[in-house]
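Below, each chain spelled out in residue letters.
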Amino acid sequence: YTMRLCSTAISFSEYKKKIEFEHKFIKNLKSEILKKVKIRLSAGVGLYGGEVNYEKMAWGNHDPNLKLESRLFPIKKSIQDSRIVICTSIHSTLFLECISSDIPCFLFVDYDKNCISKECQTDLNNLRKIGILQENPEKFSNFINKYLNNIEFWWNSKKVRYEVNKFREKYCSIENKPIIKLSKVLKQNFKPETHNI
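Residues numbered from 1 in each chain as written. Predicted model: local features only at pLDDT ≥ 70, side-chain atom pairs only at ≥ 80, totals over all residues. Heavy atoms only, no water.

1. Examining the nonpolar core
This is how it is decided: Nonpolar cores were defined as sets of buried Ala, Val, Leu, Ile, Met, Phe, Trp, Tyr and Cys residues, with membership established by side-chain atoms within 4.5 Å. Throughout, exposure labels follow a simple rule: accessible area from a 1.4 Å probe, protein chains only, divided by the maximum for the residue type, with under 20% read as buried, over 50% as exposed, and the rest as partly exposed. Working rule for contacts: check all heavy atoms of both residues, and any pair within 4.5 Å makes them a contact.
In terms of nonpolar packing, the biggest core is built from 42 residues, with Phe95, Ile132 and Ile144 touching the most fellow members. The contacts of Ile132, once residues within four sequence positions are left out, are Phe95, Cys105, Phe106, Leu107, Leu127, Trp154, Trp155, Val160 and Val164.

2. Here we look at the environment of Val37
Worth spelling out the cut-off: In this description a helix means any DSSP run of H or I spanning at least four residues, a strand means any run of E spanning at least two, and both kinds are numbered starting from the N terminus.
Relative to the assigned elements, Val37 resides in the loop between helix H2 (31–34) and strand S1 (38–40). A sequence separation of 31 residues divides Val37 from Leu68, and the C-alpha atoms of the two residues are 9.0 Å apart. If we skip the residues at most four places from it in the chain, Val37 touches Ile26, Leu29 and Lys67.

3. Focus: the confidence of the model for the protein chain
Operational definition: A residue's pLDDT is the confidence the predictor assigns to it, expressed on a 0 to 100 scale.
Mean pLDDT over the protein chain stands at 85; residues scoring 70 or higher make up 84%. Per-element mean pLDDT across the protein chain ranges from 79 in helix H3 (residues 51–62) up to 97 in helix H7 (residues 137–147).

4. Considering the packing of helix H6 (residues 118–130) against helix H9 (residues 158–171)
What counts is decided by this rule: Think of each axis as a best-fit line through the C-alpha atoms, taken over the contacting stretch in the case of a helix, with angles from 0 to 180 degrees between the N-to-C directions. Put simply, angles under 35 degrees are roughly parallel, angles over 145 are roughly antiparallel, angles from 65 to 115 are roughly perpendicular, and the rest are oblique. Two helices cross in a left-handed way if the nearer one is turned anticlockwise from the farther one by less than a right angle. They cross in a right-handed way if the turn is clockwise. When residues are sorted by character, Ala, Val, Leu, Ile, Met, Phe, Trp, Tyr, Cys and Pro go into the nonpolar class, Asp, Glu, Lys and Arg into the charged class, and all the rest, Gly among them, into the polar class.
Where H6 contacts H9, the axes come no closer than 9 Å and their chain directions differ by 155 degrees. Compared by their axis directions, H6 and H9 come out roughly antiparallel. In this structure, H6 meets H9 at a crossing whose hand is left-handed. Between H6 and H9, the residues in contact are Glu119, Cys120, Asp123, Leu124, Asn126, Leu127 and Ile130 and Lys159, Val160, Glu163, Lys166, Phe167, Lys170 and Tyr171, respectively. Per-class residue counts for the contact of H6 with H9 are 7 nonpolar, 1 polar and 6 charged.

5. Comments concerning the packing of helix H5 (residues 93–101) against H9
Between H5 and H9, whose axes approach to 10 Å, the crossing angle comes to 120 degrees. With respect to each other, H5 and H9 are oriented oblique. Pair H5 / H9 crosses with left-handed handedness. Every residue of H9 that contacts H5 at Phe95, Leu96, Ile99 and Ser100 is listed here: Val164, Phe167, Arg168 and Tyr171.

6. Considering H6
Every α-helix carries 3.6 residues per turn, so stepping three or four residues along brings you back to the same face. Filter applied, for reference: In this analysis, the expected span of each helix is defined as 1.5 Å times one less than the number of residues it contains. This arc corresponds to the set of directions leading from the helix axis out to the C-beta atoms.
Across its 13 residues, H6 extends 19 Å between first and last C-alpha, which sits within 8% of the 18 Å expected from 1.5 Å per residue. Those residues of H6 that sit buried are Asp123, Leu124, Asn126, Leu127 and Ile130. Seen from one end, H6 has its buried residues packed into an arc of 150 degrees, which puts them on one side. Seen from the buried face of H6, the exposed residues on the opposite side, beyond 90 degrees, are Lys118 and Lys129. The inward-facing, buried residues of H6 abut H5, strand S4 (105–108), strand S5 (133–134), helix H8 (151–155) and H9. A positive backbone phi angle near 100 degrees is found at Gly131, which sits one or two residues after H6.

7. Considering the packing of aromatic side chains
Heads up, the condition is: Two rings belonging to Phe, Tyr or Trp (six-membered ring only in the last case) form a pair when the distance between their centres is within 6.5 Å. Interplanar angles under 30 degrees mark stacking, angles over 60 mark edge-to-face geometry, and anything in between is tilted.
Going through the model one piece at a time under the given rule, you end up with 13 aromatic pairs. Ring geometry for Phe108 and Phe140: centres 5.1 Å apart, planes at 40 degrees, overall tilted. With Phe108 in strand S4 and Phe140 in helix H7, the pair connects residues that are 32 residues apart, well separated along the chain. In this pair, the class of Phe108 matches that of Phe140, namely buried. Ring geometry for Tyr147 versus Trp154: centroids 6.4 Å apart, planes at 45 degrees, classification tilted. Note on Trp154: relative accessible area 7%, which makes it buried. Here a set of aromatic residues connected by ring pairs shows up, and it is made of Phe21, Phe25, Phe106, Phe108, Phe140, Phe143, Tyr147, Trp154 and Trp155.

What follows is the structure, encoded as structure tokens:
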């Protein structure tokens, strides 16, 4: 049983469902692409007992030859060694970091639309139209099979650039001099609000 309450915690049954959804995508990839797939385990080490082993076992049941990567492996190195990044969580910080760093990335999720504001749903819909947000495993594998060899050309196409830049501007905080900006914020004279009774 899940023993903590946070937005990223999922139960063992949800892990199984998530992995089955993701495996539908993986099994339809071309064999030369499949050989290069690396799955970074979503379960952290020490969060609560058994979830890392459960996730490894669940992936192993689908295909024991898949390359699994521990969360202990540095994420920066993992991204540098990758051609594309596929995030499988709608609230992924990694997705925003990839968008900010202009790294070809995708959101591959089956998510509850009710938990997203209408404004954000519109923005996600725009990402869906250009292929960055993917919800159908078979369609996504066809997309990757078609575009992976020319992913930079696709990523830099006019309509993808337009939507990525618009999304980045709205959701990603990009600061050329973050230390100076933080320093200014910390030096501000914050005055407590006064209320009349």
